[in-house]
Amino acid sequence: MKELTIGAQTKEPIAHLLEQISGKQNFSFAYNNKVVPADSLVSVSGYRGTLSGLLEKMLGESYEFKEVPGYIVLRYAPLKLFILAEGYKD
């Protein structure tokens, strides 16, 4: 995901921050208002890093983010399954 920098934002609704980010980038966010707390207030005290890192900070680890042409899809996925595959040598 993309790298970005955000100046200090205090008590902004998540939806407003997502609008600011998408306005500066070349994509839109797609999400269901019933599962993404878009009206929840968050504070960002200056951020520099990946978009996925910021989204995880704002929404938590129970969400996943998928990049499709022109969109970043935010999805609530509390029961994610992680599989670690290791190579086997004979």
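Along each chain, numbering runs from 1 in the same order as the chain's sequence is written. Local features are withheld for residues below a pLDDT of 70 in this predicted model, meaning they are given only at 70 or higher, and side-chain atom pairs are given and counted only at 80 or more; totals for whole chains, interfaces and linings count all residues. Computation of side-chain values covers all heavy atoms of the structure but excludes hydrogens and water.

### Observations concerning the packing of aromatic side chains
Ring geometry is summarised as follows: Phe, Tyr and Trp rings, the Trp one being its six-membered ring, pair when their centres sit within 6.5 Å, and such pairs are stacked at plane angles under 30 degrees, edge-to-face over 60 and tilted between the two. Under the criterion given, the structure shown has two aromatic pairs. A ring pair is formed by Phe27 and Phe29, whose centres lie 5.3 Å apart and whose planes are at 85°; its orientation type is edge-to-face. Think of it in three bands: with a 1.4 Å probe and only protein chains considered, a residue is buried below 20% of the maximum accessible area for its type, exposed above 50%, and partly exposed in between. For Phe29, a relative accessible area of 13% puts it in the buried group.

### Focus on the pattern of salt bridges
Definition used for salt bridges: Asp or Glu carboxyl oxygen within 4 Å of a side-chain nitrogen of Lys or Arg. Taken as a whole and judged by the stated rule, the model has one salt bridge. A salt bridge links Arg75 to Glu64; the nearest nitrogen and oxygen atoms lie 2.8 Å apart. Taken together, the residues Arg75 in strand E5 (residues 71-76) and Glu64 in strand E4 (residues 63-68) connect sequence positions eleven residues apart. Relative accessible area serves as the criterion here: at 46%, Arg75 is assigned to the partly exposed category. Secondary structure elements are taken from DSSP: a helix is a run of H or I of four residues or more, a strand is a run of E of two residues or more, and numbering for both begins at the N terminus.

### Brief notes about unusual backbone geometry
Leave glycine aside and you will find that most residues have negative phi; peptide bonds, for their part, are mostly trans. One non-glycine residue with positive phi stands out, namely Lys11, at about 45°. Tracing the backbone shows Lys11 in strand E1 (residues 3-13). In this structure Lys11 comes out as exposed when scored by relative accessible area, which is 63%.

### Overview of the pairing of E5
Within a regular beta strand, the side chains point alternately toward one face of the sheet and then the other, so they alternate between its two faces. Note on pairing: two strands pair once DSSP finds at least 2 bridges between them. Sheet analysis places strand E2 (residues 28-30) next to E5, joined by three bridges and oriented parallel. When the bridges of E5 are listed, Ala30 appears paired with Val73. Connecting E4 to the next strand, E5, in antiparallel fashion are two residues, including Gly70 with a positive phi near 85°.

### Let's talk about the environment of Arg48
Secondary-structure assignment places Arg48 in strand E3 (residues 41-50). Put simply, Arg48 and Glu3 are 45 residues apart on the chain and 7.4 Å apart in space, counted from C-alpha to C-alpha. Working rule for contacts: check all heavy atoms of both residues, and any pair within 4.5 Å makes them a contact. Those residues in contact with Arg48 that sit more than four places away from it in its chain are Leu4 and Thr5.

### Some points on the nonpolar core
Residue types Ala, Val, Leu, Ile, Met, Phe, Trp, Tyr and Cys, when buried and joined through side-chain atoms within 4.5 Å, form a set referred to as a nonpolar core. In this structure, Phe29, Leu55, Met58 and Leu74 are the most contacted members of the largest nonpolar core, which totals 21 residues. The set of elements that each furnish at least two residues to this core consists of E1, helix H1 (14-24), E3, helix H2 (51-59), E4 and E5. A per-element tally of this core places H2 first, with five residues. Among all residues touching Met58, those that are not within four sequence positions of it are Ile14, Leu17, Leu18 and Val42.

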